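An overview of the molecular structure
Each chain, written out:
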Amino acid sequence: MGGKNATEVLRADAAGIAQAARILNAGGLVAVPTETVYGLAARADRADAVAAIYAAKGRPDFNPLIVHVADLEQAERLVDMDERAAGLVRRFWPGPLTMVLPVRPDSGLAKAVTAGLPTLAVRMPAHPTMRAVLAQTEAPLAAPSANASETVSPTCPDHVLKTLRGRIDAVLDGGASADGLESTIVALRDDGTWNLLRPGPIEEGELSEILGPCENAMTSSIEAPGQLARHYAPGKPVRLNATSASSDEFHIGFGDVAGDWSLSPEGSLTEAAARLYAGLHRGAESVRARIAIAPIPDDGLGAAINDRLRRAAA
Ligand code: AMP
Ligand code: MG
């Protein structure tokens, strides 16, 4: 599949899903809907397919990929799961939780997937279309967000096409992503401790209920290079905590701050998360030179929203 020209838009019906699976099985690239954001999928066991992901995104090759599995058995062939991992699986899979665990020497994964790390990030997604695709592919699927590296993440096919049209084989149209934020990433350490590498739809407090208290949340270690400060950049200056805006700013509102367009007039963090990237895409496309964003409370899902906003503003 290599050289890309037209990017096919496939409906998420039986025929479209079967076509997506055929392209993936042959080593091609397909953007697939998930409950978090759209993922750029390729089979994780083929070096050429995985290399094509990095090339299409312009992603630095030291930034490892999340591997998506159809079921628990497939995950167990890739990583060593302990009791803590089993507890998280029971509570949160399928769903927006990625676990970083020791990768098995016989995983069969292309080396570039882990970027040379002894660990693998693995997730079982809940989105019915992604699950149907996984059920029809011969291998687990590596899938980072389906956008050019460092740009705003995609929550619908139009967002994907903005930066990847002509660079990937197809996009499977499953409508808007319900959660709207990338998965929570948790690393389970050999010494029994754990770290939150990326806040997301599953909150730290929910993880603590199963894992016990988190000793040092949010490491800034290069181990998670996707966590570098600059990310999700809309391509123009972003100002945070803006209760009002000037005439050259596209103002993204929340709650009582109406703005030009609101993440959630009612002040719902769930709604704001689902609409966050659509708001940043709108701001990027607006004729205004800059973007201003209303304050978002930092509790619950707000912590993950503010994490993304800080990176968009960096
Ligand atoms: P995305 O590009 O949105 O799919 O982000 C994937 C995230 O997972 C990035 O922040 C990666 O750095 C992180 N990641 C993937 N594999 C690992 C790993 N083995 N250890 C730590 N972080 C990882
Ligand atoms: Mg990304």
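Within an unreviewed UniProt entry, the label attached to the protein chain reads Threonylcarbamoyl-AMP synthase, and the organism entered is Parerythrobacter jejuensis. One UniProt comment on the protein chain, placed under Subcellular location (unreviewed entry), says "Cytoplasm". The record held by UniProt for the protein chain lists under Sequence similarities (unreviewed entry) the comment "Belongs to the SUA5 family."

A closer look at the sheet that holds strand β7 (residues 141-142)
Reading across the sheet, the ten strands line up as β1-β8-β2-β3-β7-β4-β6-β5-β9-β10 and stay open at both edges, with mixed pairing between neighbours. On the outer flanks of this sheet lie β1 (8-11) and β10 (194-198), each paired with one strand and no other. Where strand β3 (residues 39-43) and β7 come together, two bridges link them in antiparallel fashion. Among the inter-strand pairings, Ala 42 is bridged to a residue of β7, identified as Ala 142. This element, helix α1 (residues 14-25), spans β1, β2 (30-32), β3, β7 and β8 (170-173) of the sheet and lies at about 135° to β1.

Structural notes on the nonpolar core
It is characteristic of soluble globular proteins that their nonpolar side chains tend to be buried jointly. Membership of the largest hydrophobic core comes to 47 residues, with the highest contact counts inside it found for Leu 88, Trp 93, Leu 97, Met 99, Val 186, Leu 188 and Leu 207. The biggest single contributor to this core is helix α2 (residues 47-57), with six residues. Val 186 has contacts with Leu 88, Leu 97, Thr 98, Met 99, Val 100, Trp 194, Asn 195, Leu 207 and Leu 211, leaving out every residue within four places of it along the chain. Counting 26 residues, the second-largest nonpolar core is a separate cluster that includes Tyr 232, Phe 250, Tyr 277 and Ile 296.

Topic: the pattern of salt bridges
Under the counting rule described, the total for this entry stands at 16 salt bridges. Between Arg 46 and Asp 48 there is a salt bridge, with its nearest N and O atoms 2.9 Å apart. Across the pair Glu 249 and Arg 239 runs a salt bridge whose closest N-O atoms are separated by 2.8 Å. Placement of Glu 249 in strand β12 (residues 249-253) and of Arg 239 in strand β11 (residues 238-239) is noted, with a sequence separation of ten residues between them. Counted as one network, the salt bridges with shared partners bring together Glu 182, Asp 307, Arg 308 and Arg 311.

What counts and what doesn't
- Residues numbered from 1 in each chain as written.
- Chains lettered and ligands numbered in written order.
- Predicted model: local features only at pLDDT ≥ 70, side-chain atom pairs only at ≥ 80, totals over all residues.
- Heavy atoms only, no water.
- UniProt positions renumbered as here; feature names shortened; annotations may be inferred.
- Pairing = 2+ DSSP bridges.
- Helix = DSSP H or I, 4+ residues; strand = E, 2+ residues; numbered from the N terminus.
- Contact = heavy atoms within 4.5 Å.
- Axes fitted to C-alpha atoms, helices over the stretch in contact; angles between N-to-C directions.
- Core = buried A, V, L, I, M, F, W, Y, C linked by side-chain atoms within 4.5 Å.
- Buried < 20%, exposed > 50% of the residue type's maximum accessible area, 1.4 Å probe, protein only.
- Salt bridge = Lys/Arg side-chain N within 4 Å of Asp/Glu carboxyl O.

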